[in-house]
Amino acid sequence: MLKTCKAMFMLTVLGFFMFAAPTFAEAAMGDRILANGSSGSDAAELQDYLMTKGVFPYHTSTGYYGDITEEAVKDFQRQRHLKVDGIAGPETYHAVQVLRKGDNGKHVTQIQNQLKEAGHYNGSVDGIYGAGTVDSVKDFQREQGLTVDGIAGPNTRSALDNIADRDTEAGKTLTVESTAYTASCDGCSGVTRMGLDLNKYSDAKVIAVDPSVIPLGSIVKVEGYGVAIAADIGSAINGNKIDVFIPNQDDAMQWGRKDVSVTIIE
């Protein structure tokens, strides 16, 4: 009888861990291990952060951790002198969420919005972690008694979260003058400001923007073009102007110059 009860207890415990314990997909972000084959919102957020670092070469987050994401993780790990295994464990995941000078994208936009709400940022919310953002982070860190390094690490981001919401520019709609460009124009590298190689991903839906009007990393809906990412800038793209990426030169010429409506989705 004792053996039977013990066996039933072990089966109950095993059943709890099989069915009640959180799976990787249900675990808190940063606690789970993401690797090739993973999927879900954590994988999508990881891709967004990798895009912010300029190492995710695809044109939008997919939520699927495939070969492209694995190579991007390896690139990031090399940059940060982490173990290069292509697996986003806690150390890699926490490191990728640290924002610093040179980063671009919607996570930078969130930090800038928070700094502005906290009264420490007067610049453009452009999604570019430049000198102005560094100085604003330092001012905030001094006020909060944090290490003053201009880097938005866990302590700084936690302090910002306690003071201000992580707002985005979502919902903003504006009319802009649009033109079109290709990856093969004279003097063009084909690589966007956010590190996307348009020669490799010709199916990408990308626009070049003035980041003071549409922040880098924004997901937008462009009239007559579709949903795209604001991943590039251009010397002639100032104010309410955009350049839409069209791989074929003839098709780009046919786009011409016209006013279109742009809505920021996220």
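Above this note sits the structure.
Residues numbered from 1 in each chain as written. Predicted model: local features only at pLDDT ≥ 70, side-chain atom pairs only at ≥ 80, totals over all residues. Heavy atoms only, no water.

S.K.: Could you give me a rundown of the overall build of the protein, with the residues and numbers involved?
M.R.: Along the protein, the regular secondary structure elements total eight helices and six strands. Taken from N to C terminus, the helices and strands of the protein fall in the order α-α-α-α-α-α-α-β-β-β-β-β-α-β. Each of the 266 residues in the protein was classed as buried or not, and the buried ones make up 45%. The long-range share in the protein, meaning contacts at least 24 apart out of those at least 6 apart in sequence, stands at 58%. (Helix = DSSP H or I, 4+ residues; strand = E, 2+ residues; numbered from the N terminus. Buried < 20%, exposed > 50% of the residue type's maximum accessible area, 1.4 Å probe, protein only. Contact = heavy atoms within 4.5 Å.)

S.K.: Give a description of the pairing of strand 3 (residues 219-222) that names residues and reports values.
M.R.: Two elements, strand 3 and strand 4 (residues 226-232), share four bridges in a ladder whose sense is antiparallel. Residue pairing across strands places K221 opposite V227, the latter belonging to strand 4. (Pairing = 2+ DSSP bridges.)

S.K.: An account of the pairing of strand 4 is requested, with residue identities and associated values reported.
M.R.: Burial analysis of strand 4 places five of its seven residues in the buried class, which makes it a mostly covered element. In the sheet, strand 2 (residues 206-209) pairs with strand 4 via three bridges, with the strands oriented parallel. Residue pairing across strands places I207 opposite A230, the latter belonging to strand 4.

S.K.: Which residues make up helix 5 (residues 106-117), and what are the values?
M.R.: Along an α-helix, residues three or four apart share an orientation, since each turn contains 3.6 residues. With twelve residues, helix 5 extends 16 Å between its outermost C-alpha atoms, agreeing within 8% with the 16 Å of an ideal straight helix rising 1.5 Å per residue. Burial within helix 5 is extensive, with ten of its twelve residues counted as buried. Among the residues of helix 5, those classed as buried are K106, H107, V108, T109, Q110, I111, Q112, N113, Q114 and L115. Buried residues belonging to helix 5 abut helix 2 (41-52), helix 6 (131-144) and helix 7 (154-163). One or two steps after helix 5, the chain reaches G119, where phi turns positive at roughly 80°. (Expected span 1.5 Å × (residues − 1).)

S.K.: Just give me the short version of the environment of A35, but keep the residues and values in it.
M.R.: Its place among the elements puts A35 in the loop between helix 1 (2-19) and helix 2. Counting along the chain gives 31 residues from A35 to G66, while the straight-line C-alpha distance between them is 8.1 Å. Setting aside its immediate chain neighbours within four residues, A35 contacts Y65 and I87.

The quantities given are spatial measurements derived from coordinates; they are silent on function.
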